[in-house]
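# Survey of secondary and tertiary structure
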Amino acid sequence: MERNVLITGASRGIGYAAAVLFAREGGRVYANYHKTYEPLRLLAESCAREGQTLIPVQADVTVKKEVDALFALANKTDVLINNAGIAQTKEFTQLSEADWDNMLAVNLKSAFLCSQAALPYMLRVKRGCIINIASVWGVAGASCEAHYSAAKAGLIGLTKALAKELGPSGIRVNCIAPGVIDTDMNSALTQAERSSLVEATPLGRTGLPQDIARAALFLAASDFITGEVLNVNGGFYI
Ligand code: NAP
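Bear in mind that the values here come from a model prediction, so they are computed numbers and not experimental data.

Per the secondary structure count, the protein chain includes 8 helices and 7 strands. Relative to the compact-globule value of 18 Å for 238 residues, the protein chain shows a C-alpha radius of gyration of 17 Å, a close match. Buried positions account for 49% of the 238 residues belonging to the protein chain. Within the protein chain, contacts between residues separated by at least 24 positions form 73% of all contacts whose residues are at least 6 apart in sequence. By element, 53% of the accessible surface of the protein chain is carried by carbon and sulfur atoms, the whole surface being about 11,500 Å². The centroid of the 22 positive side-chain charges in the protein chain is displaced by 7 Å from the centroid of its 22 negative side-chain charges.

Given below as structure tokens:
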């Protein structure tokens, strides 16, 4: 894959695993981070030793000015993975306006900003692939994660609408809905909570970031798939 790939939120977890995989597959990877630089600095060095190209780029993807600067650098992005995200568990009645706005900004507005910034190039070359990382909770809804579920459901709606609007221009837009994946996002789970999640998963384990990275690579390589929500959850939600 001799393509320019931009991954938001690539400093840890799923985004980091995707950055490793796409670089290994020959992509020129722009790995966005917000605050956590060190893992990407080390990864960029190890990629360079292997003859791979990975470029860490700092930006808060909720801020248009920073997104524009990001795409001024990665101005020929063929594959955009909108992965940056945050989660929060809180009863709906306790959610503040700031909780809501922040959740929607990081998980949904960022995909709007980044997709819009990536499109001038994609439209010019009549080719491109956008992959949005949603969540099983955007499909099924999660108790005490109303704002997260709403943001991820919004991402699924955005995916389907853009797939229709951009398909005639040769641009595919898909979505991955991961189940429970072992990353920092789930570090607060207790052992008992983790066991019950595993028990509820037919394949008998939680997911690895690499499971989602491989799904993203599959979608990036599949010429005739668009508007799809790929559930990668071990059967946790069927
Ligand atoms: P994670 O380990 O917590 O990593 C989150 C990433 O998002 C970090 O790289 C972080 O960057 C970045 N980020 C947060 N706010 C940002 C901002 N304003 N601008 C740019 N980057 C920002 O999370 P993860 O589990 O890998 O999750 C990745 C995606 O998968 C998220 O969209 C998440 O909702 C989704 N997902 C995860 C699970 C799961 O079980 N883990 C399940 C379903 C869906 P810094 O480190 O630099 O702050």
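From this point on, the discussion continues.
A word on unusual backbone geometry. Residues other than glycine seldom take positive phi values, yet lysine 126 does so here, at roughly 55 degrees. Following the sequence through the fold, lysine 126 ends up in the loop between α4 (97-125) and β5 (128-133).

Strand order in this open sheet of 7 strands is β3-β2-β1-β4-β5-β6-β7, and the pairing throughout is parallel. Each edge of the open sheet is held by one strand with a lone partner, namely β3 (53-58) and β7 (229-232). Averaged over all adjacent pairs, the angle separating strand axes in this sheet is 20 degrees, with direction ignored. Relative to strand β6 (residues 171-178), β5 runs parallel, the two sharing 6 bridges. The residue bridging cysteine 129 from the neighbouring strand is arginine 172, located in β6.

All right, on to the site of the ligand then. Neighbouring the ligand are 33 residues; Lys35, Thr36, Tyr148, Thr183 and Asn186 lie closest to it. Relative to its unbound accessible surface of 900 Å², the ligand loses 95% to contact with the protein. Among the residues forming the shell around the ligand, the class breakdown is 14 nonpolar, 14 polar and 5 charged.

Turning next to the pattern of salt bridges. Between side chains of opposite charge, pairing is possible as soon as their charged atoms come close. Counted under the stated rule, the structure contains 9 salt bridges. Linking glutamate 38 and arginine 41 is a salt bridge whose minimum nitrogen-to-oxygen distance equals 2.8 Å. With glutamate 38 and arginine 41 both in helix α2 (residues 38-49) and 3 residues apart, this pair spans about one turn of that helix. Given the relative accessible area of 39%, glutamate 38 is considered partly exposed. Residue classification places arginine 41 among the partly exposed positions, given a relative accessible area of 29%.

It is worth spelling out the packing of aromatic side chains at this point. Within the structure shown, the criterion is met by 2 aromatic pairs. With 5.7 Å between their ring centres and 85 degrees between their planes, tryptophan 137 and phenylalanine 236 make a pair best called edge-to-face. Of this pair, tryptophan 137 sits in helix α5 (residues 136-140) while phenylalanine 236 is found in the segment after β7, placing the two residues 99 residues apart along the sequence. Using a relative accessible area of 24% as the deciding quantity, one classes tryptophan 137 as partly exposed. According to the relative accessible area criterion, phenylalanine 236 is buried, its value standing at 19%.

Counting buried positions along β6 yields 8 of 8 residues, so the element is predominantly enclosed. Burial of the side chains of β6 extends over both faces: Ile171, Val173, Cys175 and Ala177 are buried on one face and Arg172, Asn174, Ile176 and Pro178 on the other. The sheet contact formed by β6 and β7 spans 4 bridges and is parallel. What sits directly across from isoleucine 176, in β7, is leucine 230.

Before going further, it helps to examine the environment of threonine 190. Mapped onto the secondary structure, threonine 190 falls in the loop between β6 and α7 (191-199). Judged by its relative accessible area of 40%, threonine 190 falls in the partly exposed class. For threonine 190 and cysteine 129, which are 61 residues apart along the polypeptide, the C-alpha to C-alpha distance reads 37 Å.

Here we come to the packing of helix α1 (residues 13-24) against helix α8 (residues 209-221). Close contact between α1 and α8 brings their axes to 8 Å; oriented N to C, the two are set at 55 degrees. One finds that α1 runs oblique with respect to α8. In the crossing of α1 with α8, the sense of the turn from one axis to the other is right-handed. Of the residues in α8, those in contact with Gly13, Ile14, Ala17, Ala18, Leu21 and Phe22 of α1 are Pro209, Gln210, Ile212, Ala213, Arg214, Ala216, Leu217 and Ala220. Class assignment of the residues belonging to the contact of α1 with α8 gives a composition of 11 nonpolar, 2 polar and 1 charged.

Definitions and cut-offs
- Residues numbered from 1 in each chain as written.
- Predicted model: local features only at pLDDT ≥ 70, side-chain atom pairs only at ≥ 80, totals over all residues.
- Heavy atoms only, no water.
- Helix = DSSP H or I, 4+ residues; strand = E, 2+ residues; numbered from the N terminus.
- Rg over C-alpha atoms; globule rule 2.2 N^0.38 Å.
- Buried < 20%, exposed > 50% of the residue type's maximum accessible area, 1.4 Å probe, protein only.
- Contact = heavy atoms within 4.5 Å.
- Areas by Shrake-Rupley, 256 points an atom, 1.4 Å probe, with all protein chains shown as cover.
- Lys, Arg positive; Asp, Glu negative; His and termini not counted.
- Charge placed at Lys NZ, Arg CZ, Asp CG, Glu CD.
- Pairing = 2+ DSSP bridges.
- Axes fitted to C-alpha atoms, helices over the stretch in contact; angles between N-to-C directions.
- Near = heavy atom within 4 Å.
- Nonpolar A, V, L, I, M, F, W, Y, C, P; charged D, E, K, R; others polar.
- Salt bridge = Lys/Arg side-chain N within 4 Å of Asp/Glu carboxyl O.
- Phe/Tyr/Trp six-rings, centres within 6.5 Å; stacked < 30°, edge-to-face > 60°.
- Parallel < 35°, antiparallel > 145°, perpendicular 65-115°, else oblique.
- Left-handed = near helix turned anticlockwise from the far one by under 90°.

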